[in-house]
Amino acid sequence: MGRKDNIAGDGRWELQNGITTLFLIYMGAAYPLIMHDKYFDITVTKYRAFYIALCIYAVLMVLAVLVDVLGRNVSTGHGSQSSGGNVDASAGAAHGSRFIGRLRHFMDMHNIMAMDIFMAGFVLANVLAFFMSGNKVAAYTGEEGRRCGLQFVLLAFFLYVCMARYCRIRRYVVVIFMLAGSFVGIVGICQFMGYDFLGLREGLMQSIRNVYISTFGNIDIFASFLCVLVPMAAGAYISSEGKESIVIRITAVIAVLTGTGAVIISNANLAYAGVGGAMIVAWIWASYRGRIREFADVCLVMACGVLAISIMLGRTDNGYSELDGLSCFVSDSRMVWIVSVVVLVVWAAIRLASKWTVKFRGKAALAVSVGVSLAGIVAVVIYAAHNHMCIFSFEDSWGNYRGFVWRRLMEAYSDFSVPQKLFGYGNESVKSIMTDRYYDDMMNAVGVIYDNAHNEYLQYLITTGIFGAVSYVGLLVTTGGALVRTAVSGAVMNENESMSSQSAEKRSKEKAASRDSRTVRGSKTGTGLECLLGYAEDEGSMIAVLLGITGYAVQAFVNLNQSLTTPYIFLLIAMAGGLCRRYICQFADGGRK
């Protein structure tokens with residue numbers, strides 16, 4: 001059997017694809033909305049919702065794999081009886097041999113990507129950290145932290161194994177996620193405006209009401225979700241094209257509009273960092289692919305979201321008084337209007353010059369976009385440093401006392417033994433470290449006990465050591481690299497096919513017949529409904545996943561890993577593995593399947 005025969009898509013793996021689709025719909029539509037006792041047990045509730053659903057998904061996938069392997073083995077007709085009525089021993093042996101062979105072929109051990117190695121390394125690092133821990137039960141369950149102990153990492157690994165092997169993703173799954181995410185954003189916006197129509201804040205003390213918002217609880221966790229939602233929606237819009245993608249574009253616009261407004265009312269500066277970092281990557285990709293118009297569309301929608309929030313806040317009783325951090329810029333309604341008009345003018349200019357912007361693409365456009373991005377970042381840094389902005393004042397109070405916990409955890413790490421520096425202090429052990437070493441400091445300076453570093457990379461360095469931190473960073477980098485390489489390769493192949501088709505059309509006298517004979521692939525398959533029902537295998541899907549990973553990875557520098565939104569980063573990594581691996585096997589022989 002050839003390699004292509006083992007790829008989902010010939011109808012024999014539809015059961016596995018269907019199970020994966022149902023799980024993705026659950027994670028996209030149901031999981032963001034699941035709550036039990038409002039905000040009082042939201043961490044445990046979300047974790048159980050993820051844990052139970054993933055266990056069911058893993059069991060169903062194992063059964064589906066056995067059905068697939070056994071079904072194909074039986075269909076070959078091996079193991080028939082001899083003429084004397086007894087089972088032929090050699091045929092039975094051949095039957096068993098073929099079963100083992102097909103199972104090994106399914107495992108596909110010879111098609112390992114770099115991200116597979118880093119994922120395995122990250123899991124191994126957490127296992128070793130478990131043995132380094134002084135409290136094995138807490139290290140496994142994560143009960144002393146945010147439920148990201150060894151059990152959570154094992155769940156993420158099961159998710160990766162099930163989904164990262166040739167999984168196929170329906171496009172309507174992305175649409176469902178964007179719509180559900182839009183609703184989550186609307187809930188948060190309404191709460192900020194004083195309309196808690198779901199009654200989620202009932203029972204909360206007035207002093208902490210603004211800290212909990214929408215269906216994810218803490219504003220930082222809500223912001224973490226937005227750092228996935230908005231970039232993915234932007235990527236889906238920028239990379240989609242054709243009339244058949246109108247539904248995807250409409251839902252993407254809704255998600256970007258509501259998500260941008262939600263970023264403002266979240267009052268979390270990390271949301272600006274995550275969305276902003278992802279949008280820089282989107283700008284670079286759009287320049288490279290000649291899709292500046294689509295990027296300008298997204299920027300215009302985001303400007304409209306900012307303007308809408310500014311207008312609505314101006315008409316509320318509290319006005320702009322509850323805004324904090326970078327969100328305070330919205331309180332200057334005059335400046336918001338000026339910026340919105342400037343964005344509109346630039347958008348109109350790009351649209352009028354669309355013939356030129358489409359041609360501005362490739363390596364030259366890539367170099368210009370990267371240069372502009374770097375220059376902009378340098379300019380912001382110089383401006384902030386020159387004006388002595390607090391962002392560069394690394395004191396204990398920096399970042400709502402993130403500086404306090406970062407500095408003390410680094411002090412603790414410097415005192416670790418060599419094995420602890422390599423393999424960590426133990427899963428979810430920050431609370432133990434801070435309590436044993438800095439309890440009085442915490443009570444005097446902050447008044448709370450820290451159970452997380454509020455920096456995922458520092459968190460993994462402390463809890464899983466250099467081994468775990470390097471594995472996690474390597475996992476993110478190799479996943480992003482695989483998505484970029486695969487998207488670029490797919491784009492080049494699509495362009496080559498398009499050029500070949502145009503040449504054939506010019507040579508053909510029957511142009512209508514020629515158009516009907518060509519099979520349109522990727523995001524250009526049939527009508528809008530057929531496009532939604534089709535599988536996400538084009539560069540647009542990969543870029544949407546890439547931007548979602550980028551948004552989460554950037555905000556992770558100043559945010560905490562927890563059981564509410566951290567499952568999404570591992571879900572995106574698993575999706576990326578499936579998309580890239582399938583592409584590699586599809587085109588390994590130099591053509592489409």
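Structure first, text after, so check above.
Residues numbered from 1 in each chain as written. Predicted model: local features only at pLDDT ≥ 70, side-chain atom pairs only at ≥ 80, totals over all residues. Heavy atoms only, no water.

Novice: How should I be thinking about the pattern of salt bridges in this particular structure?
Specialist: Where charged atoms of side chains with opposite charge meet at close range, the side chains can pair. Applying the stated rule across the entire model yields twelve salt bridges. D116 serves as the salt-bridge partner of R581, at 2.8 Å between the closest nitrogen and oxygen. Taken together, the positions of R581 in helix α22 (residues 566-586) and D116 in helix α4 (residues 114-132) put the pair 465 residues apart, joining distant regions of the chain. Here R581 matches D116 in class, with each residue buried. We note a salt bridge from D415 to R437, for which the minimum N-O separation is 3.4 Å. In this pair, D415 sits in the loop between α15 (398-414) and α16 (418-423) while R437 sits in helix α17 (residues 430-445), placing the two residues 22 residues apart along the sequence. Judged by relative accessible area, which is 52%, D415 ranks as exposed. The exposure class of R437 is partly exposed, given its relative accessible area of 39%. Within the structure, one salt-bridge network assembled from shared partners comprises R249, R291, R293 and E294. (Salt bridge = Lys/Arg side-chain N within 4 Å of Asp/Glu carboxyl O. Helix = DSSP H or I, 4+ residues; strand = E, 2+ residues; numbered from the N terminus. Buried < 20%, exposed > 50% of the residue type's maximum accessible area, 1.4 Å probe, protein only.)

Novice: Just checking my understanding: could you explain unusual backbone geometry for this structure?
Specialist: Working note: non-glycine residues mostly have negative phi, and peptide bonds are mostly trans. Positive phi is not limited to glycine here, since R147 has a value of about 65°. Positive phi, close to 60°, is recorded for N267, a residue that is not glycine. With respect to the secondary-structure elements, N267 resides in the loop between α9 (246-266) and α10 (269-289).

Novice: Could you clarify how one ought to interpret the packing of aromatic side chains in this entry?
Specialist: Aromatic rings considered in pairs are described by the distance between their centres and by the relative angle of their planes. One pass over the structure, following the stated rule, counts 27 aromatic pairs. The ring of Y31 has K46 sitting right over it, with the charged end atom 5.1 Å from the ring centre. Between R249 and the ring centre of Y237, over which it is positioned, the NZ or CZ distance is 4.6 Å. (Phe/Tyr/Trp six-rings, centres within 6.5 Å; stacked < 30°, edge-to-face > 60°. Lys NZ or Arg CZ within 6 Å of the ring centre and 35° of its normal.)

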